[in-house]
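Notes for the structure review
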Amino acid sequence: MLVLGLESSCDETAAAVVSGRFDVRSSVVASQVDLHREYGGVVPEIAGRAHVERVLPVLRAALREAGVGLCDLGAIAVGHRPGLVGSLLVGVAAAKALAWGLGLPLVGVDHVHAHLYAALLREGAIGADAGPGDDGVFPALGLVVSGGHTSVYRMASEVDLVRVGATIDDALGEAYDKAAVILGLPYPGGPEVDRLAQEAGADDAAVDLPVSRLGRDSLDFSFSGLKTALLYAVQGVPRPAHRGQGDEASALPPPMTPERRRDLAASFQAAAVRAVILKLERALDAGGSVNGLIAGGGVVANSLLRRELAALAARRGLALRVPPMRLCVDNAAMIAGLGAARLARGLVSDLTLTPVPTTGC
Ligand code: KG4
Ligand code: ZN
């Protein structure tokens, strides 16, 4: 069966066709990054309007790329939570209209859970030998690190998951993007910080930045302290009011040379990734049999995080599932795939489906 997926939760309008549960027949993403760049972040009203303009052209392109027509589809899946409500509304309205007009099942999908499903998808070839699927990976530990979410899950299957940890402040991608602003790098900053951190000669121990642990058994994350520490390393530590004039010089930071910027990016990246790996280690130590480690979300495109996840999986003897780069960021193939998996278990929605700003769990 072919499932059409629609995604419009934030600033990407996407449509995709998935065959069976895992085979990506097409995946089209229209990014709005150029529309939001001058504001340094996503403007909800602009995002919602741009989705309205793009949803039908993107849908047509996905059908064309897959070489199918509307009449070949077996179901319509849509990311209906979490996200910007004005943006979600566009995808949900389009999906409901298609499902009703074509007389097809409608499947609402949680965008954050779909980021995990992206790691199971197969691109290009179709068939049993073509790639990951879900063989032997469950039960699994799941990690989603994106611009809006940083969460750890225990997963009995792709549709049966429980969140066991989440950020208490910034999401990891958000922290990366703010770090990029502090370092004077262009928007969106995560990939820029990653690129600088990988430059030859980058010293990730040049600046001592904090790795948040929270409580001894906590599986939650906090990145606001790391972000503030980076800010102080760049701008200098604010002097307490009672100190004398003589301390002023000691509060001045070293000058921001290209080398210093590179070292700060590497130090930030090392501390951020260490915090993630530390929590995954804790979750694994906390018990519960796990066969696999599944990661998804935009920050899984990060070079150091990918290396460290591979090292962790090797140390623990776990099957690692990480999406290819283009399926790490927002896309509709992950929505269609998880939609197909939910449909196979009878987890369908009806035409009362509405956008919800928060994740399901
Ligand atoms: O999953 P995604 O496309 O959107 C959300 O659902 O939030 O993730 C986007 C986030 C942005 O914060 C972006 O800066 C970050 O992923 N990102 C990266 C890298 N590539 C994308 N962060 C660090 N290193 C990267 N290479
Ligand atoms: Zn996302």
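Here's a quick rundown of the structure.

1. A word on the site of ligand 1
Taken together, the neighbourhood of ligand 1 is formed by 18 residues, with Gly147, Asp177, Asp194, Gly298 and Asn302 sitting nearest. Within the backbone of glycine 190, one N or O atom sits 3.2 Å away from an oxygen atom of ligand 1. The separation between an oxygen atom of ligand 1 and a polar main-chain atom of aspartate 330 is 3.1 Å. Every element with two or more residues in the shell around ligand 1 is listed here: helix 4 (111–117), helix 5 (172–182) and helix 6 (190–197). Residues of the shell around ligand 1, tallied by class, amount to 5 nonpolar, 10 polar and 3 charged.

2. Side note on the sheet that holds strand 6 (residues 122–123)
Taken in spatial order, the 6 strands of this open sheet run 5-4-1-2-3-6, and their pairing is mixed. A single partner strand is all that each edge strand has here, and the edge strands are strand 5 (106–110) and strand 6. Pairing of strand 4 (residues 75–81) with strand 5, which is carried by 5 bridges, proceeds in the parallel orientation. Across the sheet, residue glycine 79 finds its bridge partner in strand 5, namely valine 109. Packed on one face of the sheet, helix 12 (residues 333–344) meets strand 1 (2–7), strand 2 (12–19), strand 3 (23–31), strand 4 and strand 5 and runs near 115° to strand 5.

3. Let's talk about helix 10 (residues 303–316)
For helix 10, spanning 14 residues, the distance from its first C-alpha to its last is 20 Å, which sits close to the expected 20 Å at 1.5 Å a residue. Among the residues making up helix 10, those that are buried are Ser303, Leu304, Leu305, Leu309, Leu312 and Ala313. Glycine 317, located one to two residues past helix 10, shows a positive phi value of around 65°.

4. Regarding the pattern of salt bridges
Evaluation of the coordinates by the stated rule reveals 14 salt bridges. For the salt bridge of arginine 21 with glutamate 158, the shortest nitrogen-to-oxygen distance reads 2.6 Å. Residue arginine 21 is found in the loop between strand 2 and strand 3, and its partner glutamate 158 is found in the loop between strand 8 (150–155) and strand 9 (161–166); the two are separated by 137 residues along the sequence. With relative accessibility at 4%, the residue glutamate 158 sits in the buried group. The residue lysine 227 makes a salt bridge to aspartate 170 at a minimum N-O spacing of 2.8 Å. You can see lysine 227 sitting in helix 7 (residues 224–235) and its partner aspartate 170 sitting in the loop between strand 9 and helix 5, a full 57 residues away along the chain. With relative accessibility at 18%, the residue lysine 227 sits in the buried group.

5. What to know about the environment of arginine 239
Inspection of the secondary structure puts arginine 239 in the loop between helix 7 and helix 8 (248–251). Residue classification places arginine 239 among the partly exposed residues on the basis of a relative accessible area of 32%. Residues arginine 239 and aspartate 208, spaced 31 residues apart in sequence, show a C-alpha to C-alpha distance of 19 Å.

6. Let's talk about the coordination of the zinc ion (ligand 2)
Taken together, His111 (NE2), His115 (NE2) and Asp330 (OD) make up the full set of protein donors to the zinc ion (ligand 2), lying 2.0 to 2.1 Å away. Its 4 donor atoms give the zinc ion (ligand 2) angles of 94 to 139° at the centre, a pattern that matches the irregular case. Binding-site remark: the zinc ion (ligand 2) is held by donors from one chain whose sequence spacing is H-x3-H-x214-D. Here aspartate 330 lies in the loop between helix 11 (325–328) and helix 12 and histidine 115 lies in helix 4, a separation of 215 residues in the sequence. Across the pair, exposure class does not vary: histidine 115 and aspartate 330 are buried alike.

7. A few points about the packing of aromatic side chains
The full count for this structure, using the stated rule, is 3 aromatic pairs. Between phenylalanine 22 and tyrosine 117 the ring centres are 6.0 Å apart and the planes differ by 10°, which places this aromatic pair in the stacked class. With phenylalanine 22 in the loop between strand 2 and strand 3 and tyrosine 117 in helix 4, this residue pair connects regions lying 95 residues apart in the sequence. Residue phenylalanine 22 shares its accessibility class with tyrosine 117, and that shared class is buried.

8. Looking at the side chain of serine 27
Considering the arrangement of structural elements, one finds serine 27 in strand 3. Other than its neighbours up to four places away in sequence, serine 27 contacts Ala15, Ala16, Glu65, Arg326, Leu327, Asn331 and Ala333.

9. Notes on the packing of helix 7 against helix 9 (residues 258–285)
Helices that pack against each other are described as a pair by the angle of their axes relative to one another and the distance between those axes. In contact at an axis separation of 11 Å, helix 7 and helix 9 are set at 165° when each is read in the N-to-C sense. Between helix 7 and helix 9, the angle is such that the two are roughly antiparallel. Seen along the crossing, helix 7 lies across helix 9 with a hand that is right-handed. Contacts from Leu226, Leu230, Ala233 and Val234 of helix 7 reach helix 9 at Arg260, Leu264, Phe268, Ala271 and Ala272.

10. What to know about the nonpolar core
With 51 residues, the main nonpolar core has Leu143, Phe268, Leu280 and Leu305 as its most contacted residues. Only strand 7 (140–145), helix 5, helix 6, helix 7, helix 9, strand 10 (292–296) and helix 10 provide two or more residues apiece to this core. Residue contributions to this core peak at 14 residues, all from helix 9. Not counting the four nearest positions on each side in its chain, phenylalanine 268 is found in contact with Ala175, Tyr176, Ala179, Val193, Leu209, Leu226 and Leu230. Judged by nonpolar contacts, the second largest core, of 37 residues, contains Val107, Val159, Leu327 and Ala333.

Analysis parameters
Residues numbered from 1 in each chain as written. Chains lettered and ligands numbered in written order. Predicted model: local features only at pLDDT ≥ 70, side-chain atom pairs only at ≥ 80, totals over all residues. Heavy atoms only, no water. Near = heavy atom within 4 Å. Polar contact = N/O pair within 3.5 Å; in protein donor to acceptor, adjacent residues only side chain to side chain. Helix = DSSP H or I, 4+ residues; strand = E, 2+ residues; numbered from the N terminus. Nonpolar A, V, L, I, M, F, W, Y, C, P; charged D, E, K, R; others polar. Pairing = 2+ DSSP bridges. Contact = heavy atoms within 4.5 Å. Axes fitted to C-alpha atoms, helices over the stretch in contact; angles between N-to-C directions. Expected span 1.5 Å × (residues − 1). Buried < 20%, exposed > 50% of the residue type's maximum accessible area, 1.4 Å probe, protein only. Salt bridge = Lys/Arg side-chain N within 4 Å of Asp/Glu carboxyl O. Donors = N, O, S within 2.8 Å, 3.2 Å for Na, K, Ca; no water. Tetrahedral: all angles 85-135°; square planar, octahedral: opposite > 155°, others 65-115°. Phe/Tyr/Trp six-rings, centres within 6.5 Å; stacked < 30°, edge-to-face > 60°. Parallel < 35°, antiparallel > 145°, perpendicular 65-115°, else oblique. Left-handed = near helix turned anticlockwise from the far one by under 90°. Core = buried A, V, L, I, M, F, W, Y, C linked by side-chain atoms within 4.5 Å.

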